[in-house]
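Structure at a glance
Spelled out from the first residue to the last, the chains are:
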Amino acid sequence: MSNQAPIPVVVVGAGGKMGREVVKAVAQAPDMNLVGAIDTSPELQDKDAGELAGLTEPLEIPITNQIEPMLAFAAQERQPGVMVDFTHPKSVYDNIRSAIAYGVRPVVGTTGLTQQQISELAEFADKASTGCLIIPNFSIGMVLLQQAAVVASQYFDHVEIIELHHNQKADAPSGTAIQTAQMLAEMGKVFNPPLVEESEKLPGARGSQAGEGIRIHSIRLPGLIAHQEVIFGAAGQIYTLRHDTSDRACYMPGVLLAIRKVLQLKSLVYGLEKIL
Ligand SMILES: NC(=O)C1=CN([C@@H]2O[C@H](COP(=O)(O)OP(=O)(O)OC[C@H]3O[C@@H](n4cnc5c(N)ncnc54)[C@H](OP(=O)(O)O)[C@@H]3O)[C@@H](O)[C@H]2O)C=CC1
Ligand SMILES: O=C(O)C1=N[C@H](C(=O)O)C[C@H](O)C1
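Residues numbered from 1 in each chain as written. Chains lettered and ligands numbered in written order. Predicted model: local features only at pLDDT ≥ 70, side-chain atom pairs only at ≥ 80, totals over all residues. Heavy atoms only, no water.

Counting its secondary structure elements, the protein chain contains eight helices and 12 strands. A globule of 276 residues ought to have a C-alpha radius of gyration of about 19 Å, and the protein chain, at 20 Å, matches this closely. Projected onto its principal axes, the C-alpha coordinates of the protein chain cover approximately 60 × 40 × 35 Å. Expressed as a percentage of its 276 residues, the buried residues of the protein chain come to 49%. (Helix = DSSP H or I, 4+ residues; strand = E, 2+ residues; numbered from the N terminus. Rg over C-alpha atoms; globule rule 2.2 N^0.38 Å. Buried < 20%, exposed > 50% of the residue type's maximum accessible area, 1.4 Å probe, protein only.)

Residues lying three or four places apart along an α-helix face the same way, a consequence of the helix completing one turn every 3.6 residues. Every buried residue of helix 3 (residues 67-75) is listed here: Ile 67, Leu 71 and Ala 74. The buried residues of helix 3 occupy an angular sector of 60° when the element is viewed end-on, so they sit on one face. Next to the buried residues of helix 3 lie strand 1 (7-12), strand 2 (32-38), strand 4 (82-85) and helix 4 (92-101). (Arc of directions from axis to C-beta. Contact = heavy atoms within 4.5 Å.)

Right, let's get into the site of ligand 2. For ligand 2, the full set of nearby residues is Thr 111, Pro 136, Asn 137, His 165, His 166, Lys 169, Asp 171, Ser 174, Gly 175, Thr 176, Ala 226 and Tyr 251. The separation between an oxygen atom of ligand 2 and a polar main-chain atom of Gly 175 is 2.9 Å. (Near = heavy atom within 4 Å. Polar contact = N/O pair within 3.5 Å; in protein donor to acceptor, adjacent residues only side chain to side chain.)

A word on the UniProt feature "domain: Dihydrodipicolinate reductase N-terminal" (unreviewed entry) in the protein chain. In this numbering, the UniProt entry assigns the feature "domain: Dihydrodipicolinate reductase N-terminal" (unreviewed entry) to residues 7-138. End C-alpha atoms of residues 7-138 are separated by 20 Å, and the span's content is 37% helix alongside 20% strand. (UniProt positions renumbered as here; feature names shortened; annotations may be inferred.)

A contiguous nonpolar surface patch, about 310 Å² in accessible area, is contributed by Ile 140, Leu 144 and Leu 276. Position of Ile 140 relative to the elements: it lies in helix 6 (residues 140-152). (Patch = residues over 30% accessible without salt bridge, like charges linked within 9 Å, V, L, I, M, F, W, Y side chains within 5 Å. Areas by Shrake-Rupley, 256 points an atom, 1.4 Å probe, with all protein chains shown as cover. Salt bridge = Lys/Arg side-chain N within 4 Å of Asp/Glu carboxyl O.)

Turning our eyes to something else, we now look at the environment of Gly 15. Mapped onto the elements of the fold, Gly 15 is located in the loop between strand 1 and helix 1 (17-28). Residue class for Gly 15 comes out buried when judged on its relative accessible area of 8%. Between the alpha carbons of Gly 15 and Ser 41 there is a distance of 7.7 Å; along the sequence they are 26 residues apart. Aside from chain neighbours lying at most four places away, what touches Gly 15 is Arg 20, Asp 39, Leu 44, Leu 52 and Ile 63.

Before going further, it helps to spend a moment on the environment of Met 18. Along the chain, Met 18 falls in helix 1. Look at Met 18 and you get buried, because its relative accessible area is 14%. Measuring from C-alpha to C-alpha, the distance between Met 18 and Arg 248 comes to 6.8 Å, with 230 residues separating the pair along the chain. When near neighbours in sequence (up to four residues on either side) are disregarded, Met 18 contacts Phe 86, Arg 248, Tyr 251 and Met 252.

Before going further, it helps to examine the UniProt feature "binding site: NAD(+)" (unreviewed entry) in the protein chain. With numbering aligned to this structure, UniProt lists the feature "binding site: NAD(+)" (unreviewed entry) at Gly 13, Ala 14, Gly 15, Gly 16, Lys 17, Met 18, Gly 109, Thr 110 and Thr 111. Checked against the element boundaries, Gly 16 lands in the loop between strand 1 and helix 1.

The next thing to look at is the sheet that holds strand 1. Pairing is parallel in the open sheet, where seven strands are placed in the order 3-2-1-4-5-6-12. Either end of the sheet is taken by a strand with one partner, and the two such strands are strand 3 (63-64) and strand 12 (268-270). Note: strand 2 against strand 3, two bridges, orientation parallel. Of the residues in strand 3, the one forming a bridge with Ile 38 is Thr 64. Strands in contact with helix 5 (residues 115-128) are strand 6 (132-134) and strand 12; relative to strand 12, the strand with the most contacts, it is inclined by about 145°. Along the sheet face, helix 8 (residues 252-262) touches strand 1, strand 2, strand 4, strand 5 (105-108) and strand 6 and points at about 155° away from the line of strand 5. (Pairing = 2+ DSSP bridges. Axes fitted to C-alpha atoms, helices over the stretch in contact; angles between N-to-C directions.)

Moving on to helix 1. Look at helix 1: 18 Å from first C-alpha to last across 12 residues, which is about the 16 Å you get at 1.5 Å a residue. Within the sequence span of helix 1, burial applies to Met 18, Gly 19, Glu 21, Val 22, Val 23, Ala 25 and Val 26. On the buried face of helix 1, the contacting elements are strand 1, strand 2, helix 2 (49-52), strand 4 and helix 8. (Expected span 1.5 Å × (residues − 1).)

By convention, interface size is frequently given as the accessible area that disappears when the constituent parts associate. The assigned domain composition of the protein chain is domain 1 (7-134 + 249-270) and domain 2 (140-245). Each of domain 1 and domain 2 has a C-alpha centre, and the two are 29 Å apart. The interface of domain 1 with domain 2 comprises nine residues on the first partner and 10 residues on the second. Across the interface of domain 1 and domain 2, roughly 670 Å² is buried in total on both sides, 51% from carbon and sulfur atoms. The three residues of domain 1 that bury the most area against domain 2 are Lys 17, Thr 111 and Tyr 270, which together make up 54% of that side's buried surface. Linking domain 1 with domain 2 are three residue pairs in polar contact (both at pLDDT 80 or more), by the criterion used here. (Domains from an automatic or database assignment. Buried area = accessible area lost by both parts, 1.4 Å probe.)

Written out as structure tokens, the structure reads:
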């Protein structure tokens, strides 16, 4: 058993679908200590974070909407604190800035940050010499899919991305689809050279333009969790890469890894593949 003090972790969005999984995973991790559970949802105030997460015993950590006192508390612990954020595109930027200002390391799963916001946050983290991880997808399967897509893109000039999610998702396209398109665009070629002049009879019919000719199509339906296809086409063949999630527990090994790794960083890092 290590003599090191457990990593103090504050979960923001603790009452949400991902937040509850994170509370459970952190509570069960021997080297971590849940010190705060933040959620702005009015009906969740003062509820026990552990019971909400489905643990049999309460954790004696009540849900609160007060982030700053929790960050201040985490900052005073023996080990540097970590804030895990699974909230909403509207609030994540401010949460990250507050955490860094308190010297608490952000591990961010919330998607929907703009490139401009990510650049500003990178500068802020750099100046504070504070580690910060922004990870659009914590599942190992998605990292493998993206790596396979990068390899395939050397041989195929035509590709489209379809992402399919539950219909409570706020942002579109998904952060993962945007990241996948960025990885392909970095290959230094233009995909999908047009063969005909296309006209959309209904706006959006051909999806969104993610750069370098790559299009993303977003589907939202109850019954889905999170799914992505990258479809390559060439004369006489189709190569499809597909990833499906059936349980949000699939993200937890990545989240726990990120909590441990962020303590070793001094700047902002984007993407799970960079810390594996
Ligand atoms: N990186 C990854 O691997 C993954 C990322 N995600 C992303 O995580 C985010 C959350 O997803 P999900 O858990 O499904 O969403 P949920 O809506 O289920 O959960 C979000 C929770 O955060 C609360 N909340 C909103 N704003 C704040 C705030 N400022 N401070 C504290 N709590 C807040 C919400 O309350 P209320 O409902 O009252 O607004 C809600 O309880 C999304 O951006 C999603 O795309 C999801 C899965 C995997
Ligand atoms: O909202 C979700 O559920 C998910 N969001 C992330 C994204 O936008 O890429 C990750 C995963 O797709 C699940």
